[in-house]
Amino acid sequence: MTKNTGSIHINQPLNTEVLPDILHRIHEEVIPAFGQGKVADYIPDLKCVEPHQFGLALRTVKGEEFTIGSADTAFSIQSISKLFTLMLALDIAGEALWERVGREPSGMRFNSLLLLDSEGGIPRNPFINAGAIVVTDIIAARSSSPVRRIEEFIASLSGNKDNRIDQQVAAGEKATGFRNIAIANLLKAMGNIEADVNQTLDCYFKQCAISMSCRDLARATECLANRGRSSFKSSFHAEAMDKRINSLMLTCGLYDAVGNFAYNVGLPAKSGVGGGIVAVSPGQYTVSVWAPELDHYGNSVLGQLALEKLTTYTQTSVF
Ligand code: GLN
């Protein structure tokens with residue numbers, strides 16, 4: 001299957017004929033890793049999620065779908081929502097968004113406050129919490145019902161109206177999210193929050209609490225693999241957005257573990273502390289995995305392992 005040009009390895013077109021067997025093998029091989037991580041316990045409702053669950057859904061740009069495990073079980077997308085709010089805010093504000101958020105990896109935990117003060121209130125990138133809160137603020141300041149706008153945008157991209165906010169998850173995080181509250185208030189003090197800070201925060205907590213399955217996420221991210229086109233939201237043609245967002249995912253999508261992920265998996269991706277990861281093979285497919293147990297960085301243990309095996313067995317790393 002591998003094509004070699006001297007010592008140069010070239011990534012391969014996805015062979016869907018052998019894919020069911022490969023997914024089956026991946027499923028069997030990742031199960032022994034149950035117990036190696038820990039579910040997110042700083043968000044009250046996530047603490048109660050059954051830890052030993054695993055699902056994967058892969059969708060090709062031709063619309064074929066392949067799944068294993070609990071691919072249709074809805075879970076809390078958490079930081080994966082940052083991908084969708086970035087698409088929406090870029091659609092609203094265009095390149096002006098980058099006057100308020102950077103495009104560099106932070107090398108810090110996703111909820112760190114450390115760089116914010118010394119860097120003038122401009123978060124390093126849109127995927128750490130500080131950057132995502134600014135992105136959400138752009139939507140909050142320019143929409144009459146920002147929460148509904150985000151919720152409807154995501155549901156239209158996945159084609160599933162049931163992709164809704166779990167209000168209990170959102171309320172739990174709002175009651176305990178003191179770091180995010182501190183980040184938003186520091187941003188406000190430094191002049192980088194335009195709307196009412198509590199409204200922006202409310203919106204942020206709610207977007208994180210949207211429930212989706214692996215299949216929904218693989219569908220909702222289709223535009224990133226398919227030159228901006230979405231089968232479910234034909235009015236949304238995110239031209240050139242795929243290039244921009246995929247590069248940001250590759251460099252910032254898994255926080256301070258992004259280098260290792262690029263080394264092991266080699267696909268642009270975005271993770272969330274609900275245990276989901278969505279990854280994009282440009283021009284070929286999108287894939288979403290879910291397994292709630294997280295490593296020290298807040299990324300799904302089995303999810304990372306499954307994606308590493310997927311790009312290895314299918315030779316579809318971008319490198
Ligand atoms: N809602 C979570 C938080 O703000 C999202 C973090 C994540 O998924 N990495 O802490």
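What comes next is a walk through the structure. Computed from a predicted model, the values in this text were never measured in an experiment. (Residues numbered from 1 in each chain as written. Predicted model: local features only at pLDDT ≥ 70, side-chain atom pairs only at ≥ 80, totals over all residues. Heavy atoms only, no water.)

## Some remarks on the overall build of the chain
The criterion, for reference: A helix here means a DSSP run of H or I that spans at least four residues, while a strand means a run of E at least two residues long, and both kinds are numbered starting from the N terminus. What the globule rule says is 2.2 Å times the number of residues to the power 0.38, and the radius of gyration is computed from C-alpha atoms. Here's how the labels work: a residue is buried when its accessible area is under 20% of the maximum for its type, exposed when over 50%, partly exposed in between, all with a 1.4 Å probe on protein chains only. In this analysis, two residues are considered to be in contact whenever any of their non-hydrogen atoms come within 4.5 Å of each other. For accessible areas, the Shrake-Rupley method is used with a probe of radius 1.4 Å. Any residue's cover is judged against the shown protein chains and nothing else. For the purpose of counting charges, residues Lys and Arg are taken to be positive, whereas Asp and Glu are taken to be negative. His and the chain ends are not included. A charged residue contributes its charge at one atom only: NZ of Lys, CZ of Arg, CG of Asp or CD of Glu.
A count of helical and extended segments in the chain gives 13 helices and nine strands. The C-alpha radius of gyration computed for the chain amounts to 18 Å, which stays within 12% of the reference 20 Å derived for 319 residues, consistent with globular compactness. Seen through its principal axes, the chain has C-alpha atoms that stretch 55 × 40 × 40 Å. Buried residues in the chain amount to 57% of all 319 residues. In the chain, the proportion of contacts linking residues at least 24 apart, taken out of those at least 6 apart, comes to 69%. Element-wise, carbon and sulfur atoms account for 49% of the exposed surface of the chain, whose accessible area totals about 12900 Å². Looking at charge distribution, the chain has the averaged site of its 29 positive side-chain charges lying 4 Å from that of its 33 negative ones.

## Brief notes about the sheet that holds strand β7 (residues 269-271)
Here is the rule we go by: The pairing criterion is simple: DSSP has to find at least two bridges between the two strands. To obtain an axis, a line is fitted to C-alpha atoms, over the contacting stretch when the element is a helix, and the angle between two such axes runs from 0 to 180 degrees between their N-to-C directions.
Here five strands make up an open sheet; going across it, the order is β4-β3-β9-β8-β7 and the pairing antiparallel. Both outer strands of the open sheet, β4 (65-69) and β7, are each paired with one neighbouring strand and no more. For this sheet the average axis-to-axis angle between neighbouring strands, irrespective of direction, equals 10 degrees. In this structure, β7 lies alongside strand β8 (residues 276-281), joined through three bridges in antiparallel fashion. Counterpart to Ser271 in the pairing with β8 is Ile277.

## Looking at the packing of helix α6 (residues 167-176) against helix α8 (residues 197-208)
Keep this limit in mind: Orientation categories follow fixed angle ranges, with anything under 35 degrees roughly parallel, anything over 145 roughly antiparallel, 65 to 115 roughly perpendicular, and all other angles oblique. The handedness criterion is simple: a crossing whose near helix is rotated anticlockwise from the far helix by less than a right angle is left-handed, and one whose near helix is rotated clockwise is right-handed. The residue classification treats Ala, Val, Leu, Ile, Met, Phe, Trp, Tyr, Cys and Pro as nonpolar and Asp, Glu, Lys and Arg as charged. All others, Gly included, are polar.
α8 packs onto α6 with a crossing angle of 130 degrees between their chain directions and a minimal axis gap of 8 Å. Regarding the angle of α6 to α8, the classification is oblique. For the crossing formed where α6 meets α8, the hand is right-handed. Note on element contacts: α8 touches α6 through Asp202, Phe205, Lys206 and Cys208, opposite Gln167, Ala170, Glu173 and Lys174. Here the residues of the contact of α6 with α8 are counted per class, giving three nonpolar, one polar and four charged.

## A word on the pairing of β4
Here strand β3 (residues 55-60) pairs with β4 via five bridges, running antiparallel. Within β4, the residue paired with Arg59 across the bridge is Glu65. In textbook terms, the turn of a hairpin is the stretch between consecutive antiparallel strands, and for β3 and β4 this stretch comprises four residues, one of which, Gly63, has a positive phi near 95 degrees.

## Considering the site of the ligand
To be explicit about the condition: Note on terminology: near, applied to a residue and a molecule or strand, indicates that one of the residue's heavy atoms is within 4 Å of it. The term polar contact refers here to a pair of N or O atoms within 3.5 Å; inside protein, the definition further demands a hydrogen-donor-capable atom paired with an acceptor-capable atom, and it admits residues adjacent in sequence only when both atoms are side-chain atoms.
Residues in contact with the ligand amount to 13 residues; listed here are only the nearest, Tyr42, Gln78, Ser79, Glu173 and Tyr204. In the model, an oxygen atom of the ligand is placed 2.7 Å from a nitrogen or oxygen of the Tyr204 side chain. Val273 places a main-chain nitrogen or oxygen 2.8 Å from an oxygen atom of the ligand. Isolated, the ligand exposes 300 Å² of accessible area, and the fraction of that covered by the protein chains is 99%. Looking at the shell around the ligand residue by residue, the class counts come to seven nonpolar, five polar and one charged.

## Structural notes on the nonpolar core
Formally: In these notes, a set of buried Ala, Val, Leu, Ile, Met, Phe, Trp, Tyr and Cys residues joined through side-chain atoms within 4.5 Å is what counts as a nonpolar core.
Within the largest apolar cluster, 70 residues are counted, with the highest numbers of intra-cluster contacts made by Phe84, Leu86, Met87, Leu97 and Ile245. Sort the elements by how many residues they give to this core and helix α2 (residues 81-93) lands first, with eight residues. Look past the residues within four positions of Phe84 in its chain and what remains in contact with it is Ile77, Phe153, Ile154, Leu157, Met212, Leu217, Ala220 and Thr221. Leu23, Val287, Ala291 and Leu310 belong to the second largest nonpolar core, which has 30 residues in total.

## Description of the pairing of strand β9 (residues 285-290)
With six of six residues buried, β9 lies mostly within the body of the structure. Where burial is concerned, the two faces of β9 agree: the one with Tyr285, Val287 and Val289 and the one with Thr286, Ser288 and Trp290 are both buried. Relative to β9, β3 runs antiparallel, the two being bridged by six bridges. Looking across to β9, one finds that Leu56 is bridged to Val289. Pairing geometry for β8 and β9, over six bridges, is antiparallel. Following the sheet pairing, Val280 is matched in β9 by Thr286. Adjacent in sequence and paired antiparallel, β8 and β9 are bridged by three residues, among which Gly283 carries a positive phi angle near 80 degrees.

## Notes on α6
Let me state the cut-off plainly: Working definition: the arc comes from the directions between the helix axis and the C-beta atoms, pointing outward to the latter.
If you check which residues of α6 are buried, you get Val169, Ala170, Gly172 and Glu173. One side of α6 holds all its buried residues, which, seen down the axis, span an arc of 165 degrees. More than 90 degrees from the buried face of α6, the exposed residues found are Gln168 and Ala175. Looking at the buried residues of α6, the elements they touch are β5 (75-76), α7 (178-189) and α8. In this structure Asp166 caps α6, since a side-chain oxygen of it lies 3.1 Å from the backbone nitrogen of Gln168.

## Comments concerning the pattern of salt bridges
The criterion, for reference: One speaks of a salt bridge when a side-chain nitrogen belonging to Lys or Arg is within 4 Å of a carboxyl oxygen belonging to Asp or Glu.
Tallied over the entire structure, the rule returns 18 salt bridges. The closest approach of N and O atoms between Arg215 and Asp72, which form a salt bridge, is 2.7 Å. Remark: Asp72 occurs in the loop between β4 and β5 and Arg215 occurs in helix α9 (residues 214-220); sequence separation between them is 143 residues. Glu152 serves as the salt-bridge partner of Arg148, at 3.7 Å between the closest nitrogen and oxygen. With a gap of four residues between them, Arg148 and Glu152 both fall in helix α5 (residues 146-158), about one helical turn apart. Shared partners join several salt bridges into a network, and the residues in it are Arg59, Glu65, Asp72, Arg215, Arg219 and Glu222.

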